[in-house]
Amino acid sequence: MNRLINGGDYLMLGFDHELRRDGYAGNSCHIFLELDSAVPVDALRRRLELLAGHCPVLNARPGGLIFPHWKLPGEVVPPKVRVRRQSEGVLNQIINEPLDVKNGELTRLDLIECAGAKTTIVFTWLHALMDARSAEYFIAVVGRDELPLPAPEYIAPAVPHLPFRERLRRIAKNFQTYNRYRETPPRSPGIRNPDEKPRLMYHVEKFSDDETACVQANAVRLCGALGEAQFHAAVAAVELHRLQTRLNCPAPSYVIPVPVNLRPKGNIEPLFSNQITMLLLQFLPAQLNSVAQAVVELKKQTTCAMRDGIVEGGVLFLNSLRVLPLPVYMAFARFGLKGEICSLFCGNTSAVNPQVTTFLGAPIEEFTHVAAVPPSPGIGVIFFQFHGELRLTVLHLTKTLSENEAAEFASALRSRLLNPDD
């Protein structure tokens, strides 16, 4: 039986459509696993074949003009496994290779044989298939055969069951919020390097145990009960404004998405579905002179959003638009901010799933999240923790930022997280 695609998944498909149209690989995400030894390739292929037979959606194709859905395959084809030798730039090459989505390739694994029998695994998946938390659990299941297989059946996404009139009210409230943002619209840097080949690049910053504890203490001091994700978002907003000022393209305002987990607490299901939505918050330049100022504004807007049901309204709004063809759907999604999606893609996956410790018997020494970012804004950051240590990945499109500019932004984020009062 074919499965309907929810509004969040459909938005991810819309980003995939836009990225491919502009010459990028598409809206794919990646997990890098650095292992201390080699892995048995045949055992990996057998495990993937078992998973593909158990979970047909791994071979599905998106389709449907009115009610978009996953078309389940007539035959089982396990995710592709490619074995490569370590070479300069191989990771950047892999993340810029598109998946063959039209033919049902929604996932892929690359094994990179490194010096000293070490191995790097790159797991690539279409963002419309699942979110990062789901992908962490999936990669744990692939690498550890003692873990239970994920549920193959479709589980409805977390959409609130509300009376029809209340649904309309919350959708209208959500739309009114974005219309208010239009009065002082955000503006991304845009295409600053038109001669560059369209590619996604990334830069990782790692924090030690002591540095992570320092960032956590800063989050508690400045954000209190709001938590680390909000502190990270406030720091990102401040540094984004400083970056665009350095680039001579300051914006009238900055709209930063703060992730909201829609999954019931402590539950990984539904696995093959995006259960994260984004609460959009708007900051004016005068509110970004310090992290403390940004936190005050963030608290105020978050309180209002929770009171008015903006998160639920956003989910309902996206679901109500999924009957539209992708180009029209994306035009509506951009309409609220006058052509922009946001000023910075901002993700926060918190602590990596504790079951991601070994992969086919090989201990995992390092873990990295990498994701695509929409053509506008062309820049993003993902925060996560591995073995209790904070990590952040700055993402950028080559036509928007240079490698040096992105590295400078990553360094500034690191410094500001450790010293928010500077």
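Residues numbered from 1 in each chain as written. Predicted model: local features only at pLDDT ≥ 70, side-chain atom pairs only at ≥ 80, totals over all residues. Heavy atoms only, no water.

Trainee: How should the side chain of His30 be read in this particular structure?
Mentor: On the secondary structure map, His30 appears in strand E2 (residues 28-35). Using a relative accessible area of 1% as the deciding quantity, one classes His30 as buried. Ignoring sequence-local partners within four residues, the contact set of His30 consists of Ile95, Val122, Phe123, Thr124, Trp125, Thr368, His369 and Val370. (Helix = DSSP H or I, 4+ residues; strand = E, 2+ residues; numbered from the N terminus. Buried < 20%, exposed > 50% of the residue type's maximum accessible area, 1.4 Å probe, protein only. Contact = heavy atoms within 4.5 Å.)

Trainee: When you look at unusual backbone geometry in this model, what are you seeing that I'm missing?
Mentor: Excluding glycine, a negative phi dihedral is what most residues carry, and trans is how most peptide bonds are arranged. The linkage connecting Ser376 with the following residue, Pro377, adopts the cis geometry, with an omega of 25 degrees. You can see Pro377 is positioned in the loop between strand E13 (362-371) and strand E14 (379-386). The phi dihedral of Leu360 falls on the positive side, at around 50 degrees, and the residue is not glycine. Inspection of the secondary structure assignment puts Leu360 in the loop between strand E12 (358-359) and E13. Its relative accessible area of 23% is what places Leu360 among the partly exposed residues.

Trainee: Help me out: how do you make sense of helix H10 (residues 326-335) in this one?
Mentor: An α-helix turns once per 3.6 residues; consequently, residues spaced three or four apart project the same way. Of the positions making up H10, those classed as buried are Leu326, Tyr329, Met330 and Arg334. Mapping the buried residues of H10 onto a view down its axis gives an arc of 130 degrees, with all of them on the same face. Elements in contact with the buried residues of H10: helix H1 (7-21) and helix H9 (310-321). (Arc of directions from axis to C-beta.)

Trainee: Would you mind going over the pattern of salt bridges with me for this structure?
Mentor: Side chains that differ in charge, positive against negative, can pair when their charged atoms come close. Counted according to the given criterion, the structure contains 25 salt bridges. Among the salt bridges present, the one from Arg82 reaches Glu97, with a minimum N-O distance of 3.0 Å. Taken together, the residues span a long stretch of sequence, with Arg82 in strand E5 (residues 80-85) and Glu97 in the loop between helix H3 (90-95) and strand E6 (107-113) at a distance of 15 residues. One network of salt bridges, with partners in common, ties together Arg82, Arg84, Glu97, Arg108 and Asp110. (Salt bridge = Lys/Arg side-chain N within 4 Å of Asp/Glu carboxyl O.)

Trainee: Can you help me understand the sheet that holds strand E4 (residues 69-71) in this one?
Mentor: Backbone-to-backbone hydrogen bonds join strands into a sheet, with any given pair of strands oriented parallel or antiparallel. With antiparallel pairing, three strands are arranged side by side in an open sheet as E1-E4-E3. Single-partner strands in this sheet number two, and they are strand E1 (3-4) and strand E3 (61-63). Sheet topology note: the E3/E4 ladder contains three bridges and is antiparallel. In the sheet register, Arg61 faces E4, and the bridge partner there is Lys71. (Pairing = 2+ DSSP bridges.)

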